[in-house]
Amino acid sequence: MPGTTQIFCASTLYGVATLAAAIDSDFFEEPDRRVLLVFNNTTTPETAPALDEMPGFAPLREHFDEVLSWNEAIRPFHPGAWAPRADDIPLFERYLRLLWGLGDDRVSLVLESLQVAPALTVAQLFTDAPIDVYADGLMSYGPTRNKLDPLVGTRVRRLLHLDLVPGLTPMLLTEFGVPAHLVPTPAFLKVLGEITETVSELPTLPGDTALLLGQYLSALNILSPEEEEDLHVRMMRGAVARGHRTVVFKPHPTAPARYSRALEAEAEQLGVDLTVLDTPVLAEALFDRARPALVVGCFSTALFTASVFYGLPVARIGTELLLERLTPYQNSNRVPTILADALLPGLEDGEQEDALPAERLSGLLSALGFAMQPQIYPDLRPQAEQFLARHLGPRTRRYFKKRRLTALGLPGGIPQRLAFLPRNSTARRVVRRARALRKAVRR
């Protein structure tokens, strides 16, 4: 009789910690074999350590019978770019079963970021395997970023997620009726505590320390390298303005060294004691052991774990600029950025705004989900229209592009005097011609 093998796929320590907490909470039946398949999705995987080589991995390793590398299996191709031709899928499944010793085992998959390679590639190769998806951060509260093949989407049984925004249910994969299940916070914190105990390179911080979180936004083509350096400098200046004289900067593991050098020069001018944490550890390890007095970032998931799970003061910076720069409108970083902007306090004086009321948050996410992916979530139009008609104002206007609202025929788009026009291609063409004529006259 065939055995059973569970393949858990991950690209971050945070993701593996989530999986470990789910395993400890008995979310999965006991299989004959439990495998962790590691993805290294960095731009140049050959020069960056995979997650199983990072400090703190040891206690996570104990949850699995074996650790395998996807990069090794498909070498020399990059995990984010390679996918087999449809006709070659049976061949590659046989190859992987032979390579990993799966034989005729019944395989089940636990995947992150199902919409894109490499997770989508793995799902397509094991054509009959049931799938569980787990959320590695805030993107699960937004819409599925691409329209999934029903042959993949209908195999998803559950979405596992952390309670990063209490009271808010993820939208990811709801188009397939996938139910969301909370991974218990105590189980996740227990796993993080075990990780922290194995990391010896963490600095001892004074009580007034501010922790700055880098995200390497220029690699995502959101900011230029110079703009990102300036954003880090603004983080430091904002922390100093709040009275913090000791600052720790945790750069993104793949960020260039010059980012920290720019901060070092600014720290010298401000008379600030700066520590650059070069060790690739989870920010949560610092939350647990060092207890910083303030955590500063853009839209990092770590801001929410610091605030919700550890009760630490947090502040966001630069979200308005990022909302302007994110393209296309469907960019999956939009929802994490909006959640940070709407729920977390601003660092600088000009960013001091009240958090969006909790009762409006679900409506906001429904409106965003429709505006970002109207073809995937057409049933959300009434909710989007209702929210925009009632709550589109100074606090929420920056979350929606007027051109996008106009194209979708939503409140806040076309001017009120043109609201009688039907929502069709002819009406939109007339509006475009009118705008073009107005610009020509101005010239």
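Thresholds, definitions, all that
Residues numbered from 1 in each chain as written. Predicted model: local features only at pLDDT ≥ 70, side-chain atom pairs only at ≥ 80, totals over all residues. Heavy atoms only, no water. Buried < 20%, exposed > 50% of the residue type's maximum accessible area, 1.4 Å probe, protein only. Helix = DSSP H or I, 4+ residues; strand = E, 2+ residues; numbered from the N terminus. Pairing = 2+ DSSP bridges. Axes fitted to C-alpha atoms, helices over the stretch in contact; angles between N-to-C directions. Contact = heavy atoms within 4.5 Å. Phe/Tyr/Trp six-rings, centres within 6.5 Å; stacked < 30°, edge-to-face > 60°. Lys NZ or Arg CZ within 6 Å of the ring centre and 35° of its normal. Core = buried A, V, L, I, M, F, W, Y, C linked by side-chain atoms within 4.5 Å.

> Would you take a moment to explain the pairing of strand β6 (residues 156–161) for this structure?
Look at any regular strand and the pattern is simple: side chains alternate between the two faces of the sheet. Taking burial as the measure, the 6 residues of β6 include 5 buried ones, the bulk of the element. Here strand β5 (residues 131–134) pairs with β6 via 4 bridges, running parallel. Paired with Y134 across the two strands is L160, which belongs to β6. Looking at chain direction, β6 and strand β7 (residues 180–182) are connected through 3 bridges and run parallel. The residue bridging H161 from the neighbouring strand is L182, located in β7.

> Got a minute to help me understand the sheet that holds strand β12 (residues 314–316) in this structure?
The strands that make up a sheet pair up through hydrogen bonds in the backbone, lying either parallel or antiparallel. Strand order in this open sheet of 5 strands is β10-β9-β8-β11-β12, and the pairing throughout is parallel. Each edge of the sheet is formed by a strand with only one pairing partner; in this case those strands are β10 (273–276) and β12. Across the sheet, the mean angle separating the axes of adjacent strands is 20° when strand polarity is ignored. Looking at chain direction, strand β8 (residues 210–213) and strand β11 (residues 294–297) are connected through 3 bridges and run parallel. Across the sheet, residue A210 finds its bridge partner in β11, namely L294. Packed onto the sheet, helix α8 (residues 225–241) meets β8, β9 (246–250), β10 and β11 and runs at close to 165° relative to β8. Here helix α11 (residues 301–309) sits on the sheet and contacts β8, β11 and β12; the angle it forms with β12, its principal contact strand, is near 150°.

> Mind showing me how you'd approach the packing of aromatic side chains here?
Pairs of aromatic rings are described using the distance from one ring centre to the other and the angle between the two planes. Counting across every chain of the model gives 11 aromatic pairs. Look at W82 and F92: their rings are 5.1 Å apart centre to centre, the planes differ by 65°, and that puts the pair in the edge-to-face class. You can see W82 sitting in the loop between α3 (70–74) and α4 (89–99) and its partner F92 sitting in helix α4, a full 10 residues away along the chain. What makes W82 buried here is its relative accessible area of 11%. In this structure F92 comes out as partly exposed when scored by relative accessible area, which is 24%. Taking the centre distance of 5.8 Å and the plane angle of 65° together, the rings of F287 and Y310 count as edge-to-face. Taken together, the residues span a long stretch of sequence, with F287 in helix α10 (residues 283–289) and Y310 in the loop between α11 and β12 at a distance of 23 residues. A single burial state applies to F287 and to Y310, both of which are buried. Ring pairing ties together the aromatic residues F39, W70, F77, W82, F92, Y95 and W100, which thus form one cluster. Across from the ring centre of F28, 5.1 Å away, lies the NZ or CZ of R158, which sits over that ring.

> Just checking my understanding: could you explain the nonpolar core for this structure?
Grouped burial of nonpolar side chains is what soluble globular proteins tend to show. Ranked by size, the top nonpolar core spans 116 residues in total, and within it L339, L364 and F400 carry the most contacts. Residue contributions to this core peak at 9 residues, all from helix α1 (residues 13–24). Beyond its immediate stretch of four places on either side in the chain, L339 contacts L138, Y141, V165, L168, F304, L344, L361 and L365. Formed by 35 residues, the second largest nonpolar core is a distinct cluster that contains L109, A119, V152 and L172.

> In this structure, what is going on with the environment of S200? I would like to understand it.
By the element assignment, S200 lies in the loop between α7 (185–198) and β8. The spacing of S200 and G56 is 144 residues in sequence and 9.2 Å in space, taken between C-alpha atoms.

> Please clarify how the sheet that holds β6 should be interpreted in this entry.
Spatial ordering of the open sheet is given by β3-β2-β1-β4-β5-β6-β7, a layout of 7 strands whose pairing is parallel. Of all the strands in the sheet, the pair left with one neighbour each is β3 (66–69) and β7. Each strand of the sheet is rotated relative to its neighbour by a mean of 25°, with strand direction disregarded. Bridging between strand β1 (residues 4–10) and strand β4 (residues 106–111) involves 5 bridges; their strand directions are parallel. The residue of β4 that forms the bridge with Q6 is S108. The strands touched by α1 are β1, β2 (33–38), β4, β5 and β6; relative to β1, the strand with the most contacts, the crossing angle is about 145°.

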